[in-house]
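Reading the structure
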Amino acid sequence: MQPPWLEHSPSSHRTRRTSQGPKTRAEPVERTRLFNGNSSRRCLPPMRIQYARVRGQGLERQRLHHPKERGPALKLSRRAFLELSSGFMICGCSSATGTANSNFPVVVFSDVHFNPFYDTTLFSALNSADAGEWPGIFQKSSVTTPSAPGTDTNFPLLELALASIRQNLGASPLVIYTGDILGHGILQSYAQYSGTNDVAPMQAFTDKTVAFVMQQIRSSVGDIPVVFAVGNLDSYTGYGSDSSFLSNTAELFYSQFLNGATDHQTFINTFTSGGYYSAEPLGSKLMVIGLNTIAFSPLVPADGSVVDAELAWFDSRLASAKAAGQKVWLLMHVPPGADEGTTAKSV
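Residues numbered from 1 in each chain as written. Predicted model: local features only at pLDDT ≥ 70, side-chain atom pairs only at ≥ 80, totals over all residues. Heavy atoms only, no water.

1. So, the packing of helix α5 (residues 186-194) against helix α6 (residues 199-221)
The condition that has to hold: Each axis is a line fitted through C-alpha atoms, and for a helix only the stretch in contact is used; angles between axes span 0 to 180 degrees, taken between their N-to-C directions. Under the scheme used here, helices are H or I runs from DSSP no shorter than 4 residues and strands are E runs no shorter than 2 residues, and both carry numbers assigned from the N terminus. Helix crossings are classified by the rotation of the near helix relative to the far one: an anticlockwise turn of less than a right angle makes the crossing left-handed, while a clockwise turn makes it right-handed. Contacts were defined at the residue level, with two residues in contact if any of their heavy atoms lie within 4.5 Å. We call Asp, Glu, Lys and Arg charged. Ala, Val, Leu, Ile, Met, Phe, Trp, Tyr, Cys and Pro are nonpolar, and the rest, Gly among them, are polar.
Contact geometry for α5 and α6: axes closest at 10 Å, N-to-C directions at 120°. The hand of the α5/α6 crossing is right-handed. For the pair α5 and α6, the contacting residues are Ile186, Leu187 and Tyr190 in the first and Pro201, Met202, Phe205 and Thr206 in the second. Its residues assigned to classes, the contact of α5 with α6 shows six nonpolar, one polar and no charged.

In structure tokens form, the structure reads like this:
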């Protein structure tokens with residue numbers, strides 16, 4: 001989804017440790033409002049963010065507020081969200097991880113929307129190179145400033161985001177990423193700069209973009225798992241994860257993000273079927289479920305049997321977690337509630 005952006009300095013938001021112990025909390029310094037930017041793109045309704053604290057791997061509180069509700073708010077943006085990607089931190093209990101500290105922060109970030117076309121002079125080199133060679137190519141660019149508010153992420157902004165993650169990772173045993181690795185209009189941009197409408201090379205370039213971003217994240221977080229949900233732009237079509245994209249990138253999501261945090265074949269089966277999975281990255285007391293909620297949107301034509309299969313699978317995972325006494329973390333790119341393309345228009 002198209003994220004909002006920030007109009008004040010990132011320094012107006014910080015995190016600190018409390019005097020009572022190791023719990024970390026985010027501290028908004030001024031009252032500002034989260035809002036959507038470019039209304040011509042599909043956006044979520046304005047939201048406010050409060051921070052969550054986790055006890056025993058269970059969410060104690062996590063709320064998203066409509067602007068009409070009262071309470072402290074922070075006006076966020078893609079730029080600030082990337083530069084301060086640790087701004088939303090969850091404190092958790094580590095009884096399943098074996099760490100000495102009973103509480104730990106978890107870094108959460110989303111909607112990178114990486115644009116590999118921000119410097120068009122690099123396209124030919126990128127197109128012929130492997131994803132592992134892309135950092136060296138981007139470093140030769142004359143564009144050295146982060147991308148402007150309202151535009152997709154370029155390499156300088158991505159580097160700032162990853163530096164913030166490294167700085168704030170702390171004892172986090174995992175990272176949460178909730179979708180949209182890719183920028184807008186990948187298909188159209190590739191056709192424009194390559195001069196071809198052939199599907200195969202476009203898909204190959206898209207796969208390299210996904211691999212590049214994942215490799216950069218992996219190198220920044222070390223060996224810990226990155227649990228995730230797919231976003232609407234994580235696709236070849238530009239809206240909704242199509243089956244070809246899921247099949248072609250499944251191994252990347254497993255190796256570069258989950259890093260072996262769940263059974264390989266089980267992940268491949270569900271992810272290639274519909275873009276969803278479950279994992280137990282912190283041990284047997286916690287189940288993380290990554291849903292593909294894009295398939296539920298009326299804006300995305302979907303096979304009803306695919307949606308039914310995901311919901312049936314979801315029911316079975318919840319039943320399994322309940323029987324085992326597990327807590328569940330549920331990751332979604334599109335949250336439940338009023339749909340922006342239909343019901344929200346009448347609100």
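2. Description of the pairing of strand β8 (residues 103-109)
Filter applied, for reference: Each residue gets one of three labels from its accessible area relative to the maximum for its type: buried under 20%, exposed over 50%, partly exposed in between, using a 1.4 Å probe on protein chains only. Pairs of strands are assigned from DSSP output, requiring at least two bridges between the strands.
The buried fraction of β8 is high, at seven of seven residues. Along β8, one buried face is formed by Asn103, Pro105, Val107 and Phe109 and the opposite face, lined by Phe104, Val106 and Val108, is buried too. The pairing of β8 with strand β9 (residues 175-177) spans three bridges and is classified as parallel. Residue Phe109 lies in a different strand from β9, and its bridge partner there is Tyr177.

3. Some details on the confidence of the model for the protein
For clarity, the threshold we go by: pLDDT is defined as a per-residue confidence score from the predictor, taking values between 0 and 100.
Chain-level statistics for the protein give a pLDDT mean of 76 and a share of 69% at 70 or above. Contacts from residues 1-101, a stretch scored under 50 in pLDDT, to residues over four places away or in other chains number 248 contacts.

4. Topic: the packing of aromatic side chains
By convention here, two paired aromatic rings are described through the distance between centres and the angle between planes. Note the following rule: In this scheme Phe, Tyr and Trp rings, the latter by its six-membered ring, pair at centre separations within 6.5 Å, and the angle between planes marks the pair as stacked below 30 degrees, edge-to-face above 60, and tilted otherwise.
Within this structure, the stated rule accounts for 30 aromatic pairs. Between Trp134 and Phe138, the ring centres sit 5.9 Å apart and the planes meet at 90°, which makes this aromatic pair edge-to-face. Here the residue Trp134 and the residue Phe138 both occupy positions in helix α3 (residues 134-138), the gap between them amounting to four residues, near one helical turn. Considering the side-chain rings of Trp134 and Phe212, the 5.7 Å spacing of their centres and the 45° angle between planes classify their relative orientation as tilted. Of this pair, Trp134 sits in helix α3 while Phe212 sits in helix α6, and the two are 78 residues apart along the sequence. Residue Phe212 is classed as buried on the basis of its relative accessible area of 0%.

5. Looking at the environment of Asn127
Applicable threshold: Whenever a nitrogen or oxygen atom comes within 3.5 Å of another N or O atom, the pair is scored as a polar contact, on the condition that within protein one atom can donate a hydrogen and the other can accept it, and that pairs from neighbouring residues in sequence are kept only if both atoms are in side chains.
Inspection of the secondary structure puts Asn127 in helix α2 (residues 123-128). Looking at Asn127, the relative accessible area reads 29%, which means it is partly exposed. The spacing of Asn127 and Ser194 is 67 residues in sequence and 8.6 Å in space, taken between C-alpha atoms. In this structure the side chain of Asn127 is engaged in a polar contact, spanning 3.2 Å, whose partner is the side chain of Tyr190.

6. What to know about the sheet that holds strand β12 (residues 286-290)
Taken in spatial order, the three strands of this open sheet run β11-β12-β13, and their pairing is mixed. Looking at which strands have only one partner, the edges of the open sheet turn out to be β11 (277-279) and β13 (327-331). Between one strand axis and the next, the sheet turns by 20° as a mean value, whatever way the strands run. Note: β12 against β13, five bridges, orientation parallel. In the strand pairing of β13, Val288 is matched with Trp329. Contacting β11, β12 and β13, helix α9 (residues 304-324) crosses the sheet at an angle of about 170° to β12.

7. Brief notes about helix α8 (residues 264-274)
Residues Phe267, Ile268, Thr270, Phe271 and Gly274 constitute the buried set of α8. For α8, the N-terminal capping position is held by Asp263, with its side-chain oxygen 3.4 Å away from the main-chain nitrogen of Gln265. With its phi angle positive at about 80°, Gly275 sits one or two positions after the end of α8.

8. Re the side chain of Thr153
Within the secondary structure, Thr153 sits in the loop between α3 and α4 (155-168). The class of Thr153 is buried, set by a relative accessible area of 0%. Engagement of the side chain of Thr153 in a polar contact is seen with the backbone oxygen of Val112, the distance being 2.5 Å.

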